[in-house]
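Per-entry structural report
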Amino acid sequence: MYVRNHMTEYPVHIGPRDTLSAALQAIYRGQYEGLPVVEAGQVVGLITEKGILRAHTATEALQNKRAGKPVTDLPFESYALGDPVDPVYLSDFLREHVVEEVMNRTTIAVHGDEPLERAAYLMKQHGYSILPVINDEHVLVGVISKSDLFDALVGIFGYDKPGYRLVLAVDNRPGQVAGVTAVAKRLGINIAAVALHDVNLMHTMTLVMKVETDDPQPLLEGLRQAHYVVREVQKI
């Protein structure tokens, strides 16, 4: 699975000297998590709704403090609670400030040919909700967001298709996945997805797999006969 398979191509972007009003309107209009900031064809930063609202909150708080007025966090607190923020409430701030004052100045990006998990890793490490996608010439060709990763995860595990999700406890040693798939193969049951995680101190791992069958009982019995521990069975 590669970034290019899940990114949004030809993304909307903004310039560093565009107003925050233009940026926020573009974000709301397209229901984006954020926008890449592009200058002379190169990505120079990222801007998000959250970043704009944080900047407004900080600016308003500083102004109120200097004027001896109560400090309010209404715009960002409203956002944090999941309520929509009316751009009119922020209109003066949005018109008077530009993107480069607020944007995250980053050159972190992913290539379209990089694996999807590379994008997920970078988002986790740096706290980003979107990443620019570039080509060999470092030109912006797309963006990938957390929402794109969630969609990919659903597809990878086939959670949008009927079947059963099985969770097994297996030993952390070679041949365990092969043993499980051998049982399914013998019974003529197709495995749509499989993943391993959670090595613990008892040297066991959790194996999660999605199988395409209307009746999981023959597979469950076959796995138990092969001495596998089935922890969970869920119909999807």
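Description of the structure in this document. (Residues numbered from 1 in each chain as written. Predicted model: local features only at pLDDT ≥ 70, side-chain atom pairs only at ≥ 80, totals over all residues. Heavy atoms only, no water.)

Okay, the overall build of the protein chain next. On a plain count of helices and strands, the protein chain comes out with nine helices and ten strands. Within the protein chain, the proportion of its 236 residues that are buried is 39%. Here the contacts in the protein chain between residues at least 6 apart in sequence split such that 62% fall between residues at least 24 apart. When the accessible surface of the protein chain is split by element, carbon and sulfur atoms take 52% of a total near 13,800 Å². (Helix = DSSP H or I, 4+ residues; strand = E, 2+ residues; numbered from the N terminus. Buried < 20%, exposed > 50% of the residue type's maximum accessible area, 1.4 Å probe, protein only. Contact = heavy atoms within 4.5 Å. Areas by Shrake-Rupley, 256 points an atom, 1.4 Å probe, with all protein chains shown as cover.)

It is worth spelling out the pattern of salt bridges at this point. Counted according to the given criterion, the structure contains six salt bridges. Of the charged contacts in the structure, one is a salt bridge between Arg4 and Asp113, with a shortest N-O distance of 2.5 Å. Highlighted residues: Arg4 in the segment before strand E1 (8-9) and Asp113 in the loop between strand E4 (110-111) and helix H6 (116-126), separated in sequence by 109 residues. The class of Arg4 is partly exposed, set by a relative accessible area of 40%. As a salt-bridge pair, Arg118 and Glu114 come within 3.3 Å of each other at their nearest N and O atoms. Judged by its relative accessible area of 35%, Arg118 is partly exposed. (Salt bridge = Lys/Arg side-chain N within 4 Å of Asp/Glu carboxyl O.)

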